[in-house]
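Residue-level structure breakdown
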Amino acid sequence: SIALAVLSPKRTESEMRAEGRQAQHPLDQRGRLLLLSMMVFGVIVLLLPGLALFGDTSSQVLAYYVMTVFFGAAFGVSFSSFQDLTWQMLPHDVNSANAMGFNVMSRLLGVGLGNFICGLFLDMSYQGGDGVSRVYEPFGYVLMCTFSGFCILVSTYVTSCAIAIAKGADFASSVPEKPRAAA
């Protein structure tokens, strides 16, 4: 994401008008990047159980490595873009420490609940083990990845709604005016 920020040139409004283009809202480009990266890693999570369809183990491993590279890149872009947009979307008069604390707390709650629910899905498909490793039926992994992918795609929609609300809101008007001196 740092490379994307460095390589994407920022144009002034007058440069864009000279090219015949209208200036975009500051959230447009970064918001699109965030939503695209969220969709990419959501789809990859949905496709993970499909690795079982490959015939031999070497093909499975190769496909797994390719998927994890794209997943990691998409997740990294999403995570850093989300943090950046969260700061940009805060109203001017908000208590930043409370807002960002709530952001982190909500993220940790989501991760904790997601891990708990996915753990339940895997426990429902437990086949047994040899004392060293556990074996789960493929159905558990399909259920876990389907649930996770669905949650990611729903959060992509919620994020797009939040970006649209932030673009439509005039946060500058939410800052209280300074009292005027009596004349």
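First things first, this report covers the structure right here in the doc.

On a plain count of helices and strands, the protein chain comes out with 6 helices and 2 strands. Along the chain direction, N to C, the helices and strands of the protein chain fall in the order α-α-α-α-α-β-β-α. Each of the 183 residues in the protein chain was classed as buried or not, and the buried ones make up 21%. Relative to all contacts within the protein chain whose residues are 6 or more apart in sequence, the contacts with residues 24 or more apart total 62%. Accessible area for the protein chain stands at about 12800 Å²; split by element, carbon and sulfur atoms hold 68% of it.

Moving on: helix H6 (residues 138-168). Across its 31 residues, H6 extends 45 Å between first and last C-alpha, which sits within 8% of the 45 Å expected from 1.5 Å per residue. Within H6, burial applies to Gly140, Cys145, Gly149, Ile152, Thr156, Thr159, Ile163 and Ala166.

Below, the discussion takes up the packing of helix H5 (residues 96-124) against H6. Where H5 meets H6, the closest approach of the two axes is 8 Å, and the angle between their N-to-C directions is 160°. The angle between H5 and H6 falls in the class roughly antiparallel. Considering how the two elements wind past one another, H5 and H6 form a crossing that is right-handed. On H6, the residues that touch Ile117, Cys118, Phe121, Leu122 and Met124 of H5 are Gly140, Tyr141, Leu143, Met144, Phe147 and Ser148. Classifying every residue of the contact of H5 with H6 by side-chain character gives 9 nonpolar, 2 polar and no charged.

What follows concerns the environment of Asp56. Within the fold, Asp56 resides in the loop between helix H3 (26-47) and helix H4 (57-89). Of note is the side chain of Asp56, whose polar atom sits 2.5 Å from the side chain of Ser59.

The rules behind the values
- Residues numbered from 1 in each chain as written.
- Predicted model: local features only at pLDDT ≥ 70, side-chain atom pairs only at ≥ 80, totals over all residues.
- Heavy atoms only, no water.
- Helix = DSSP H or I, 4+ residues; strand = E, 2+ residues; numbered from the N terminus.
- Buried < 20%, exposed > 50% of the residue type's maximum accessible area, 1.4 Å probe, protein only.
- Contact = heavy atoms within 4.5 Å.
- Areas by Shrake-Rupley, 256 points an atom, 1.4 Å probe, with all protein chains shown as cover.
- Expected span 1.5 Å × (residues − 1).
- Axes fitted to C-alpha atoms, helices over the stretch in contact; angles between N-to-C directions.
- Parallel < 35°, antiparallel > 145°, perpendicular 65-115°, else oblique.
- Left-handed = near helix turned anticlockwise from the far one by under 90°.
- Nonpolar A, V, L, I, M, F, W, Y, C, P; charged D, E, K, R; others polar.
- Polar contact = N/O pair within 3.5 Å; in protein donor to acceptor, adjacent residues only side chain to side chain.

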